[in-house]
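# Residue-level structure breakdown
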Amino acid sequence: VQAVTRAVTCAVNHNVERLMKLIERELGVDPATLAPDTLLSDIADSLDWASLLTAIERQFKLRVEVEHGLQLRTVSDLVQLVAEPGLACA
Amino acid sequence: LPAHKVVVTGIGLATPLGSTWPAFAQAIQAGGAHFEALASAYIDPVPAARVFEDPSVGLSRLEAKLSDRHAQLALHASDRALQQAGLADQPALRRSAGVFVGCGSGPTESIQRAYHDQMVDGGMHGLSLLRCLPSGAAALLALRHGLHGPALTQAAACASSTLALGEALRAIRHGYLDVALAGGAEAPFGACTLKAWDGLRVLAPVGDDPGRACRPFDRERRGLVLGEGAVFFVLESQAHARSRGAPVWAVLEGFGASCDAHHWTEPCAAGQAEAMRAALHDARIEPGDVHGINAHGTGTVAGDEAEAESLAQVFGARERAPWVHSTKSLHGHLLGASGAIELAAAIACMSHGRMPGTRNLAHTDAPGLRLVPATGAPLPQAALMVSNSFAFGGGNACLVVSATRDPSPPGSQTDGAARTDA
């Protein structure tokens, strides 16, 4: 069980790292300046948001529908979006 | 509406002949661009005139994401035009300016990349739609410089930027605008774009020397040589330019346009003549008033032949005709931006008081043309020139421009105030 837990944690951490790299690349924002409750509207305008969401979809092989996208408000929301260990294998 | 005289107060360049006015003007007089044998994925190497500066440098993060290469070149050329016009630090004076961009092909590199990314690599960039908009360059110029007048894009193949300049001339002349940023941009060297050009069989073979491939009006001409770049002008009403003590490098005297409505690619002398006559009429001058012509002169067999005929129709027998040259063998064919770079070339010639001969022209098959000899031809102190642009699709557009000779032509970004209206 411990080994499985460790593997899942590792995979999720890896996903978050990849998310932070995408944020840095697409928004030009240093991940070190972010907190879980940082509002996405404070770090991205509509164009940045479109860039980031498309990059996330491509990187993690997922699709964020419009309604779901509107509910993503904070960095924490984005982390939850990619915190599926299975995505690491995508 | 009152008719306002329209003057050129700034010229900005991002071209195979350099990015500064002195370099450009000197290269027009003697030299020309470095032509290379450009290798690409789907065709044999072709001769090409490229811009050496990296246009992605100096852009904001968002501009870099949103701009095709032609738009990046346009951004740099527009910076330089506004700088030369003394408007770079005057946001209030340029606020109501309009933007007129001529581009024949549009953002072809970005379209190729987006489709490749999607179909081959599994996903295009999230901003691909904006980056692939034909009007993207105009929007970016307006955004960058805070220009709140209309932002228009003219697409009429190789006549695009001449049409853009002509429409800007009309907008200012008839009082709709005081200031316009007008010109053209083109970047045709994406692999798929080159393949498309190759299909039409109009590109000159590279031969032993790419620099000799473009041979306008020469009996050995074999086709056109592509070039890339952007040239933008600040146009103003004379009253507006005077009110702020702006330098004036030239006067846009007239504009005429027509469409052959004849054939997609076979040029029609009658349609070309119609555009030239319209431009002369617009400038209120007679054919005999013109001193020089910057011909469309691409170096294709059919194109040069038709232009020789249309020039003869408008300007008459060789003895009375103005001097004719083509500068495409100096800078390549910039397609939608060709009219803009050739207007700049005409102004450079008038500033120097001399038209150079056509590079690579040795033996013409158009004896009726009064072609500038290899040693060049003098222009008077106050000269009038015509610049021709003829396009696939039958579009024709011509500008009449005047300028005075100046021993120290425009180039210094700060010395313009000493000049008076041309």
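Please refer to the structure higher up on the page.
Residues numbered from 1 in each chain as written. Chains lettered and ligands numbered in written order. Predicted model: local features only at pLDDT ≥ 70, side-chain atom pairs only at ≥ 80, totals over all residues. Heavy atoms only, no water.

## Re the overall build of chain B
Short version of the rule: Put simply, DSSP marks the helices as runs of H or I at least four residues long and the strands as runs of E at least two long, and each gets a number from the N terminus on. Here the radius of gyration uses the C-alpha set of atoms, whereas the globule reference equals 2.2 Å times the residue count to the power 0.38. Only protein chains enter the accessibility calculation, which uses a 1.4 Å probe; a residue is then buried when its area is under 20% of its type maximum, exposed when over 50%, and partly exposed in between. We call two residues in contact when some of their heavy atoms are within 4.5 Å. In short, Shrake-Rupley with a 1.4 Å probe defines the accessible areas, and a residue's cover is counted only from the protein chains shown. Note on charges: Lys and Arg go in the positive column, Asp and Glu in the negative column, and His and the chain ends are not counted at all. One atom stands in for each charge, and that atom is NZ of Lys, CZ of Arg, CG of Asp or CD of Glu.
For chain B, the count of helices and strands is 14 helices and 15 strands. Taken over the C-alpha trace, chain B has a radius of gyration of 20 Å; the compact-globule value for 422 residues is 22 Å, and the two agree within 12%. Along the first, second and third principal axes, the C-alpha set of chain B runs to 65 × 50 × 40 Å. Across the 422 residues that make up chain B, the buried fraction comes to 60%. In chain B, once contacts between residues fewer than 6 apart in sequence are set aside, the share between residues at least 24 apart is 80%. For chain B, the exposed surface amounts to about 15500 Å²; the carbon and sulfur share of it is 54%. Looking at chain B, you have 32 positive and 38 negative side-chain charges, and the mean spots of the two groups are 3 Å apart.

## With respect to the nonpolar core
Residues and elements named next belong to chain B. Operational definition: We call a set of buried Ala, Val, Leu, Ile, Met, Phe, Trp, Tyr and Cys residues a nonpolar core when their side-chain atoms join them within 4.5 Å.
Ile-11, Trp-21, Phe-24, Phe-233, Leu-235, Leu-252 and Val-401 are the most contacted members of the largest nonpolar core, which has 74 residues in total. When residues in this core are grouped by element, the largest group, 10 residues, is from helix 14 (residues 338–352). When sequence neighbours within four positions are dropped, the list of residues in contact with Phe-233 reads Val-8, Gly-10, Ile-11, Leu-165, Ala-180, Leu-181, Ala-182, Ala-340, Leu-343, Ala-344 and Ile-347. Counting residues in hydrophobic clusters, the runner-up holds 29 residues, among them Leu-87, Val-101, Ala-142 and Phe-232.

## Details of the sheet that holds strand 9 (residues 250–259) of chain B
All names here are of chain B. How we decide: Two strands make a pair as long as DSSP finds a minimum of two bridges between them. To define axes, lines are fitted to C-alpha atoms, for helices over the stretch in contact only, and angles between the resulting N-to-C directions are given on a 0 to 180 degree scale.
With mixed pairing, the 10 strands of this open sheet are ordered in space as 5-4-6-8-1-9-15-14-10-11. With partners counted over all chains shown, the strands left at the sheet margins are strand 5 (151–154) and strand 11 (323–325), one partner each. Strand-to-strand twist in this sheet, taken as the mean axis angle between neighbours without regard to direction, amounts to 25 degrees. By the bridge criterion, three bridges tie strand 10 (residues 292–294) to strand 14 (residues 382–390) in an arrangement that is parallel. Residue Gly-292 lies in a different strand from strand 14, and its bridge partner there is Met-385. Sheet contacts for helix 3 (residues 69–84): strand 1 (6–14), strand 6 (179–186) and strand 8 (229–237); angle to strand 1, the most-contacted strand, approximately 130 degrees. Running at roughly 160 degrees to strand 14, helix 14 makes contact with strand 1, strand 6, strand 8, strand 9, strand 10, strand 11, strand 14 and strand 15 (395–404) of the sheet.

## Describing the packing of aromatic side chains
Two aromatic rings are characterised by how far apart their centres lie and by the angle between their planes. All names here are of chain B. Rules: Only Phe, Tyr and Trp rings take part, Trp by its six-membered ring, and two of them pair if their centres are within 6.5 Å. Stacked means planes under 30 degrees apart, edge-to-face means over 60, and tilted covers everything else. Our definition puts a charge over a ring when NZ of Lys or CZ of Arg is within 6 Å of the ring centre and also within 35 degrees of the ring normal.
Within the structure shown, the criterion is met by two aromatic pairs over all chains. Ring geometry for Trp-21 versus Phe-24: centroids 5.7 Å apart, planes at 35 degrees, classification tilted. Here Trp-21 and its partner Phe-24 are both found in helix 1 (residues 21–29), three residues apart, which amounts to about one turn of the helix. In terms of burial, Trp-21 and Phe-24 fall into one category: buried. Positioned above the aromatic ring of Trp-323, the side-chain terminus of Arg-370 is 3.8 Å from the ring centre.

## Quick word on the sheet that holds strand 7 (residues 226–227) of chain B
Residues and elements named next belong to chain B. Strand order in the open sheet formed by three strands is 2-3-7, with mixed pairing between adjacent strands. Only two strands of the sheet have a single partner each, and these edge strands are strand 2 (35–38) and strand 7. Pairing geometry for strand 2 and strand 3 (residues 46–49), over four bridges, is antiparallel. Bridged to Ala-37 within strand 3 is Pro-47.

## Notes on the interface of chain B and chain A
When the parts of a complex come together, some accessible area is lost, and that lost area is often taken as the interface size. Just so we agree on the cut-off: As used here, buried area is the combined drop in accessible area, with a 1.4 Å probe, of two parts when they are placed together. A pairing counts as a salt bridge when a side-chain nitrogen of Lys or Arg comes within 4 Å of a carboxyl oxygen of Asp or Glu. We call two N or O atoms a polar contact when they sit within 3.5 Å, provided that within protein one can donate a hydrogen and the other can accept it, with sequence-adjacent residues counted only if both atoms are side-chain atoms. In this classification, the charged set is Asp, Glu, Lys and Arg, the nonpolar set is Ala, Val, Leu, Ile, Met, Phe, Trp, Tyr, Cys and Pro, and all remaining amino acids, among them Gly, are polar.
Contacts between the two partners involve 13 residues from chain B and, on the opposite side, 10 residues from chain A. Between chain B and chain A, a total of about 820 Å² is buried, with carbon and sulfur atoms accounting for 50% of that surface. Inspection of the region where chain B meets chain A yields two salt bridges. Residues B:Lys65 and A:Glu26 are paired through a salt bridge, measuring 3.3 Å at the closest nitrogen-oxygen approach. Summed over the shared surface of chain B and chain A, the result is eight residue pairs in polar contact (both at pLDDT 80 or more). The element that contributes the greatest number of residues to the side of chain B that touches chain A is helix 2 (residues 61–66) of chain B, accounting for four residues. Broken down by class, the residue content of the side of chain B that touches chain A amounts to five nonpolar, four polar and four charged.

## Concerning the packing of helix 1 (residues 2–27) of chain A against helix 3 (residues 46–60) of chain A
Residues and elements named next belong to chain A. The condition is simple: Handedness of each helix crossing follows the sense of rotation of the near helix against the far helix: counterclockwise by less than a right angle gives left-handed, clockwise gives right-handed.
Where helix 1 meets helix 3, the closest approach of the two axes is 10 Å, and the angle between their N-to-C directions is 145 degrees. In this structure, the crossing between helix 1 and helix 3 has a hand that is right-handed. Mapping the contact onto sequence places Asn-15, Arg-18, Leu-19, Leu-22, Ile-23, Arg-25, Glu-26 and Leu-27 in helix 1 and Asp-48, Ser-51, Leu-52, Ala-55, Ile-56, Gln-59 and Phe-60 in helix 3. Residue composition of the contact of helix 1 with helix 3, grouped by class: eight nonpolar, three polar and four charged.

## A word on a nonpolar patch on the surface
All names here are of chain B. In plain terms, the rule: Two joining distances apply to patches: 9 Å for like charges and 5 Å for nonpolar side chains (Val, Leu, Ile, Met, Phe, Trp, Tyr), and every residue must have over 30% relative accessible area and no salt bridge.
On the surface, Tyr-115, Met-119 and Val-120 cluster together to form a nonpolar patch covering roughly 390 Å² of accessible area. The topology assignment puts Met-119 in helix 5 (residues 108–119). The exposure class of Met-119 is exposed, given its relative accessible area of 67%.

## Points about the environment of B:His352
Residues and elements named next belong to chain B. Within the fold, His-352 resides in helix 14. The class of His-352 is partly exposed, set by a relative accessible area of 32%. C-alpha separation for the pair His-352 and Pro-267, spaced 85 residues apart in sequence, amounts to 32 Å.

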